[in-house]
Amino acid sequence: MTMAKRAEALIARQGITVTYKRYSGETATTSIKKTPTYTDAICRAFLTDQVPKNLAGTVEEGERRIYIAARAISFIPTVKDKVVAQGKVYAILDVSNLASHGESAVYMLKAKGV
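All residue numbers refer to position in the chain's written sequence, counted from 1. It should be noted that, the model being predicted, local features are given only for residues of pLDDT at least 70 and side-chain atom pairs only at 80 or more, the latter also being counted only at that level, while totals for whole chains, interfaces and linings use all residues. By convention in this description, side-chain values take in all heavy atoms of the structure and omit both hydrogens and water.

What follows is about the sheet that holds strand S4 (residues 82-85). Strand pairing is assigned whenever DSSP identifies at least 2 bridges connecting the two strands. Secondary structure elements follow DSSP: runs of H or I of four or more residues count as helices, runs of E of two or more count as strands, with numbering from the N terminus. The strand order around the closed barrel formed by 6 strands is S1-S2-S3-S6-S5-S4, and the pairing between neighbours is antiparallel. In this sheet, adjacent strand axes meet at a mean angle of 45 degrees when their direction is disregarded. With 12 bridges connecting them, strand S1 (residues 16-28) and strand S2 (residues 34-49) associate as antiparallel partners. When the bridges of S2 are listed, threonine 19 appears paired with isoleucine 42. Inter-axis angles, ranging from 0 to 180 degrees, are taken between N-to-C directions of lines fitted to C-alpha atoms, where helices are fitted over the stretch in contact.

Structure representation (C-alpha cells):
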C-alpha cells in the first residue's frame, strides 16, 4: 500500500468532516469593494493544535495543523483558501506537500482561526 493510500485511509478513519473553501476569485459588491468567493468541497481532515515549545520558528497562540489526504481533494491548497471545522473558520497560513516517491500523500496546512 502506498503512503498516499495509507494517509487517505488513516484520515478517513480518524479524521473529522470539514468544509474546504477553495478561493475562486472576487465579486464586485460595489464599485469600490470586492468580496472573495469560494467553492466548497467536503472532505475528511485531521486537526492538531500547535505547541509552541515543541516547534522551531514562530508559532502563535491558536495556530493549528490541518492534515488532508491529497487524494481527498482535486486541487492543491493555497493560502487564499479557508477550512471550516467544528463550526470554526480557519485561514490557511502555509501549505506543505508531504510526498513519497513523487506522489503527493498529505497536505499539511498551518492555519489560524479567524
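Glancing now at helix H1 (residues 3-14). Because the α-helix completes a turn every 3.6 residues, residues three or four places apart line up on one side. Given a rise of 1.5 Å per residue, 12 residues ought to cover 16 Å, and the 16 Å separating the end C-alpha atoms of H1 matches this to within 8%. Summary of the burial criterion: residues with accessible area below 20% of their type's maximum are buried, those above 50% are exposed, and those between are partly exposed, where the area comes from a 1.4 Å probe applied to protein chains only. All buried positions along H1 are accounted for by Ala4, Ala7 and Ile11. Looking down the long axis of H1, one finds its buried residues gathered within 65 degrees of arc, a one-sided arrangement. Exposed side of H1, more than 90 degrees from the buried face: Arg6, Arg13 and Gln14 are the residues found there. Should any heavy atoms of two residues lie within 4.5 Å, those residues are counted as being in contact. Taken together, the buried residues of H1 touch S2, strand S3 (63-69) and strand S6 (103-113). Any helix carries an expected span of 1.5 Å times its number of residues minus one. It is the directions from the helix axis to the C-beta atoms whose arc is reported.

Attention now goes to the pairing of S1. Turn length for the S1-S2 hairpin, with the two strands adjacent in sequence and antiparallel, is 5 residues. Where S1 and S4 come together, 3 bridges link them in antiparallel fashion. Considered in S4, the bridge of threonine 19 is made with valine 84.

A word on the environment of valine 18. Its location among the elements puts valine 18 in strand S1. Separated by 68 residues in the primary sequence, valine 18 and glutamine 86 place their C-alpha atoms 7.5 Å from one another.

At glutamine 86, a position not held by glycine, the phi torsion is positive, near 50 degrees. Inspection of the secondary structure puts glutamine 86 in the loop between S4 and strand S5 (88-100). Phi at histidine 101 is positive, roughly 55 degrees, even though this residue is not glycine. In this structure histidine 101 comes out as exposed when scored by relative accessible area, which is 85%.

Before going further, it helps to examine the packing of aromatic side chains. Given two aromatic rings, one states the distance between the centres and the angle between the planes to describe the pair. A pair of Phe, Tyr and Trp rings is counted when the ring centres sit within 6.5 Å of each other, with Trp represented by its six-membered ring. The angle between the planes then sorts it: under 30 degrees is stacked, over 60 is edge-to-face, the rest tilted. Evaluated as defined, the whole model comprises 2 aromatic pairs. Relative to phenylalanine 75, the ring of tyrosine 20 lies with its centre 5.1 Å away and its plane at 50 degrees, an arrangement referred to as tilted. A residue pair is termed long-range when its members are at least 10 positions apart, and tyrosine 20 in strand S1 and phenylalanine 75 in the loop between S3 and S4 qualify at 55 residues. Phenylalanine 75 shares its class with tyrosine 20; the two are buried. Here tyrosine 23 and tyrosine 38 contribute two aromatic rings whose centre-to-centre distance is 6.1 Å and whose plane-to-plane angle is 75 degrees, an arrangement assigned as edge-to-face. Of this pair, tyrosine 23 sits in strand S1 while tyrosine 38 sits in strand S2, and the two are 15 residues apart along the sequence.

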